[in-house]
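Here is what each chain is made of, one letter per residue.
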Amino acid sequence: MFGVSVFSACEGRGMGKEEPHVDTLSLILQVKECARLHTAEYEVHKLVLKDDPLRVKGHIFQQQFDMEVPIGERKVAVPIDVTLKAYIDFSGFSEKNVLRSGDRIVITLPDPRVVVSSSRIDHEEVRQFVSLTRSDYTSAELADFARQGEEEILKSVPDLGILEMARENAAHVLVPMLEGLGYEDRNIVVTFRKRFTEADIPLLLEREGEAGKIGRK
């Protein structure tokens, strides 16, 4: 389950209606004014379920056995809340990001960045189901489960839509800027250089200070 908010902050300055023949350097300088364009924020809620049955292993008459003990059941449900923010950094924007052909222009956005701004266990909603023969889960175990849950969320980033939303909201900012430079909407294309997958996430991911650590609400 997740919630979504989108936002952006980038204003072109001194952009009157012009012919679409403004030099590429001037265009780049105006786009670079966007600096770091924050485009989306996701609040992701995940319930991490863990089952830790008690198992007995050994040998009887040279026969190996591995069996679950019914009275040794131990389960836990750990709810976590992870906040993800996406932004695009235009500080390195250059002529490599611009392809012009007559009245048509294609802007290839810099790779988006995904920030883990917070990751927390909702301790009040943690539920443990522990047999009398077993001990409760420790705080360290709960924190480890929460980290596993966070890792699963991060792996799913390409499927959450936050990267696509980053592109779309960047387009909402850049298209009016390019129109102010004389380009018609139908001649403007804003895109990423590739479709990002789970394998790309480590390269796109960063944490916001200490907020990325699992902690109490």
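Just so we're clear, the structure is a prediction, and the values are computed from it rather than from any experiment.

Participant: Tell me about the packing of aromatic side chains, residues and numbers included.
Facilitator: Scanning the model with the defined rule gives three aromatic pairs in all. Lying over the aromatic face of Tyr 137, Arg 74 brings its terminal NZ or CZ to 3.8 Å of the ring centre.

Participant: Account for the pattern of salt bridges, with residues named and values stated.
Facilitator: Scanning all chains against the criterion turns up nine salt bridges. Residue Lys 46 is joined to Glu 152 by a salt bridge in which the shortest nitrogen-to-oxygen separation is 3.1 Å. One end of the pair, Lys 46, is in strand E2 (residues 36-51); the other, Glu 152, is in helix H2 (residues 139-155), and 106 residues separate them in sequence. On the basis of relative accessibility, which here comes to 24%, the residue Lys 46 falls in the partly exposed class. A salt bridge links Arg 186 to Glu 184; its shortest N-O distance comes to 2.9 Å. Looking at Arg 186, the relative accessible area reads 66%, which means it is exposed.

Participant: Provide a residue-level description of the pairing of strand E10 (residues 188-191), including the pertinent values.
Facilitator: Side chains of E10 alternate between two faces, with Ile 188 and Val 190 buried and Val 189 and Thr 191 left unburied. In the sheet, strand E7 (residues 104-108) pairs with E10 via four bridges, with the strands oriented parallel. Looking across to E10, one finds that Ile 107 is bridged to Val 190.

Participant: Describe the sheet that holds strand E6 (residues 98-101), listing the residues and the values that go with them.
Facilitator: Here three strands make up an open sheet; going across it, the order is E6-E7-E10 and the pairing mixed. The strands lining the two open edges of the sheet, one partner per strand, are E6 and E10. For this sheet the average axis-to-axis angle between neighbouring strands, irrespective of direction, equals 10°. Sheet topology places E6 next to E7; four bridges connect them, and they run antiparallel.

Participant: An account of the environment of Thr 197 is needed here, citing residue identities and associated values.
Facilitator: By the secondary structure assignment, Thr 197 is in the loop between E10 and helix H5 (201-204). In this structure, the C-alpha to C-alpha distance between Thr 197 and Asp 159, residues 38 residues apart in sequence, is 8.6 Å.

Participant: Outline helix H4 (residues 162-180), supporting the account with residue identities and numerical values.
Facilitator: Compared with the 27 Å implied by 1.5 Å per residue over 19 residues, the 28 Å span of H4 between its first and last C-alpha is a close match. When the local axis directions of H4 are compared, the greatest deviation, roughly 25°, occurs at His 172, which is followed within four positions by the proline Pro 176. Positive phi appears at Gly 182, one or two residues downstream of H4, with a value of about 110°.

Definitions and limits used
- Residues numbered from 1 in each chain as written.
- Predicted model: local features only at pLDDT ≥ 70, side-chain atom pairs only at ≥ 80, totals over all residues.
- Heavy atoms only, no water.
- Phe/Tyr/Trp six-rings, centres within 6.5 Å; stacked < 30°, edge-to-face > 60°.
- Lys NZ or Arg CZ within 6 Å of the ring centre and 35° of its normal.
- Salt bridge = Lys/Arg side-chain N within 4 Å of Asp/Glu carboxyl O.
- Helix = DSSP H or I, 4+ residues; strand = E, 2+ residues; numbered from the N terminus.
- Buried < 20%, exposed > 50% of the residue type's maximum accessible area, 1.4 Å probe, protein only.
- Pairing = 2+ DSSP bridges.
- Axes fitted to C-alpha atoms, helices over the stretch in contact; angles between N-to-C directions.
- Expected span 1.5 Å × (residues − 1).
- Bend = angle between axes of the 7 residues up to and from the residue.

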